Amino acid sequence: MSAPAPTIPDHVTHLREHGYAVIRGFLSADEIAAVKRETDAVMAEGMKHHASYRDHNLMFEILNDPQAKRRVLLQAHWFSWINPALEALRRHPRYFEIMQPLLGGDIKQVTNQLHWKPPGAKYTGYRFHQDLRFRERPEVYTNLDRTYLNTGLAIDPHGPENGGLAVYDGSHKLGYLGLSDDGPIMKGVNHEDELIRAGLDPAGRVDFRLDPGDLVIWTLLTVHGSLPNRSDRDRCFMINSYVRASDSPERGEWVFRDGQPVPLGDEPQICKYEQLREKPGPFYIEDDWTGEARANA
Ligand SMILES: O=C(O)CCC(=O)C(=O)O
Ligand SMILES: [Fe+2]
């Protein structure tokens with residue numbers, strides 16, 4: 001008798017077919033409550049800055065929001081450099097369990113981001129797009145459409161009312177569509193006719209409703225976005241991206257090697273910030289992509 005064929009995990013099948021997968025209870029209630037305390041600490045650290053700030057891969061995006069009329073923290077990048085508990089989370093065994101059947105045992109990480117949507121703030125939406133848009137040098141990767149995956153971990157309760165993530169089912173099969181390539185991703189909205197013209201079926205839109213500790217996975221070609229937060233609750237979401245190491249020899253931090261977790265080393269590697277070597281920082285970034293934030297400073 002031949003050995004039974006290895007079973008393919010459900011999230012692998014779902015991701016291949018639909019371009020996304022949801023893993024409920026990825027972290028336990030106790031674990032995610034502990035994570036929330038740490039992300040609050042990252043927010044407190046970020047809010048010490050008067051403007052967007054970079055130190056190597058660590059970056060805080062600060063905006064003087066014209067509607068909230070206060071300084072808000074929208075994103076933190078590579079906060080693992082300043083938070084040991086969250087540095088351990090990026091290489092938590094659950095991430096390996098989920099990623100290994102998709103990427104194998106040698107995995108690097110390119111993004112490590114927190115996205116908040118402060119209630120009352122104007123600029124908290126993300127127009128529909130494909131994350132391929134954000135890879136400035138796609139030529140340094142191979143198989144970007146298949147072996148580079150984004151994960152989003154719900155830290156707060158997450159749904160359409162507080163600007164939860166939405167995807168278009170099956171959109172990863174349509175190639176690169178150039179959506180929202182005309183300007184900042186958090187400014188403006190997509191009009192439905194634009195999405196229909198790009199070949200997206202409005203009935204294929206999936207709005208996620210997630211509990212803290214649930215995880216979503218999507219590909220670099222999956223069309224996704226999120227509306228501004230219209231509720232009175234924040235929406236903290238942690239985005240970690242994982243890539244098969246052999247497809248990314250020049251970008252990213254090791255996270256699993258031979259199946260073993262790898263802590264951050266002494267020197268940061270180039271991830272998304274291409275000027276890491278020439279302009280490591282620290283420095284403030286005073287640009288105003290909204291065109292109306294400075295007036296409120
Ligand atoms: O935080 C979100 O809702 C989505 C963010 C996103 O898609 C991105 O930054 O590429
Ligand atoms: Fe995105």
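Summarised in this report is the structure supplied together with it. Here the structure is a predicted model, which is why all the values come from computation and not from measurement. (Residues numbered from 1 in each chain as written. Chains lettered and ligands numbered in written order. Predicted model: local features only at pLDDT ≥ 70, side-chain atom pairs only at ≥ 80, totals over all residues. Heavy atoms only, no water.)

Space inside the second largest pocket adds up to approximately 300 Å³. Lining the second largest pocket we find 20 residues, and of these Gly188, Val189, Asn190, Leu227 and Pro228 sit closest to its centre. Looking at the lining of the second largest pocket, the elements that each hand over two or more residues are β6 (126-129) and α6 (192-197). In terms of residues, the lining of the second largest pocket owes the most to one element, β6, which gives three residues. Split by residue class, the lining of the second largest pocket holds nine nonpolar, six polar and five charged. (1 Å grid on protein atoms, 1.4 Å probe; cavity = no way out; pocket = protein on both sides within 12 Å on 5 of 7 lines; lining within 4 Å. Points joined across faces, edges and corners; volume = space filled by probe spheres on them. Helix = DSSP H or I, 4+ residues; strand = E, 2+ residues; numbered from the N terminus. Nonpolar A, V, L, I, M, F, W, Y, C, P; charged D, E, K, R; others polar.)

A word on the site of ligand 1. All residues in the neighbourhood of ligand 1 are listed as His115, Tyr126, His129, Asp131, Phe134, Leu165, His224, Ser226 and Arg235. Within the side chain of Arg235, an N or O atom sits 2.7 Å from an oxygen atom of ligand 1. Summarising the interface, the protein chains cover 94% of the accessible area of ligand 1, which totals 290 Å² for the free molecule. Those elements that place two or more of their residues in the shell around ligand 1 are β6 and β11 (224-226). Looking at side-chain class alone, the shell around ligand 1 contains three nonpolar, four polar and two charged residues. (Near = heavy atom within 4 Å. Polar contact = N/O pair within 3.5 Å; in protein donor to acceptor, adjacent residues only side chain to side chain. Areas by Shrake-Rupley, 256 points an atom, 1.4 Å probe, with all protein chains shown as cover.)

Below, the discussion takes up the pattern of salt bridges. Think of it this way: side chains of opposite charge can pair up when their charged atoms draw near. Taken as a whole and assessed by the stated rule, the structure comprises 19 salt bridges. In this structure, Glu87 engages Arg91 in a salt bridge whose closest nitrogen and oxygen atoms are separated by 2.6 Å. Notably, a salt bridge pairs Arg197 with Asp193, separated by 3.8 Å at the nearest N-O pair. In this pair, Arg197 and Asp193 are both assigned in helix α6, four residues apart and thus about one turn of the helix distant. When its relative accessible area of 66% is taken as the criterion, Arg197 is described as exposed. Overall, the relative accessible area of 46% leaves Asp193 in the partly exposed class. Each of Lys36, Asp40 and Asp156 takes part in salt bridges that share partners, so that together they form one network. (Salt bridge = Lys/Arg side-chain N within 4 Å of Asp/Glu carboxyl O. Buried < 20%, exposed > 50% of the residue type's maximum accessible area, 1.4 Å probe, protein only.)

With that settled, the discussion passes to the nonpolar core. The biggest cluster of nonpolar side chains holds 37 residues, and the ones touching the most others in it are Met99, Leu153 and Met238. Ranked by residue count, the leading element in this core is helix α4 (residues 93-103), at six residues. When near neighbours in sequence (up to four residues on either side) are disregarded, Leu153 contacts Phe26, Leu27, Ile32, Leu89, Tyr95, Gly213, Asp214, Leu215, Cys236, Phe237 and Met238. (Core = buried A, V, L, I, M, F, W, Y, C linked by side-chain atoms within 4.5 Å. Contact = heavy atoms within 4.5 Å.)

Quick look at the state of the cysteines now. By definition, a disulfide links the sulfur atoms of two cysteines through a covalent bond. Under the definition given, this model contains zero disulfides. The cysteine Cys236 is free of any disulfide, with Cys271 supplying the nearest cysteine sulfur at 20 Å. Given the relative accessible area of 1%, Cys236 is considered buried. Exposure remark for Cys271: the relative accessible area of 2% places this residue in the buried category. (Disulfide = S-S within 2.5 Å.)

Below, the discussion takes up the sheet that holds strand β8 (residues 165-168). One open sheet accounts for four strands, arranged β6-β11-β8-β9; its pairing is antiparallel. At either end of the open sheet lies a strand with only one pairing partner, and these are β6 and β9 (205-207). Adjacent strand axes in the sheet meet at a mean angle of 20° when their direction is disregarded. Where β8 and β11 come together, three bridges link them in antiparallel fashion. Paired with Leu165 across the strands is Ser226, a residue of β11. (Pairing = 2+ DSSP bridges. Axes fitted to C-alpha atoms, helices over the stretch in contact; angles between N-to-C directions.)

Time to look at the coordination of the iron ion (ligand 2). Each donor-metal-donor angle would ideally measure 109.5 degrees in four-coordinate tetrahedral geometry, or 90 or 180 degrees in six-coordinate octahedral geometry. Around the iron ion (ligand 2), the donor atoms from the protein are His129 (NE2), Asp131 (OD) and His224 (NE2), and they sit 2.0 to 2.1 Å away. The sequence pattern formed by the donor residues of the iron ion (ligand 2) is H-x1-D-x92-H. By relative accessible area, which is 7% here, Asp131 ends up buried. (Donors = N, O, S within 2.8 Å, 3.2 Å for Na, K, Ca; no water.)

Inspection of the entire model under this criterion finds nine aromatic pairs. Look at Tyr95 and Tyr242: their rings are 5.3 Å apart centre to centre, the planes differ by 40°, and that puts the pair in the tilted class. Highlighted residues: Tyr95 in helix α4 and Tyr242 in strand β12 (residues 237-244), separated in sequence by 147 residues. When its relative accessible area of 1% is taken as the criterion, Tyr95 is described as buried. Among the residues examined, Tyr242 registers a relative accessible area of 0% and is labelled buried. Among the aromatic side chains, those forming a connected cluster through ring pairs are Phe26, Tyr95 and Tyr242. (Phe/Tyr/Trp six-rings, centres within 6.5 Å; stacked < 30°, edge-to-face > 60°.)

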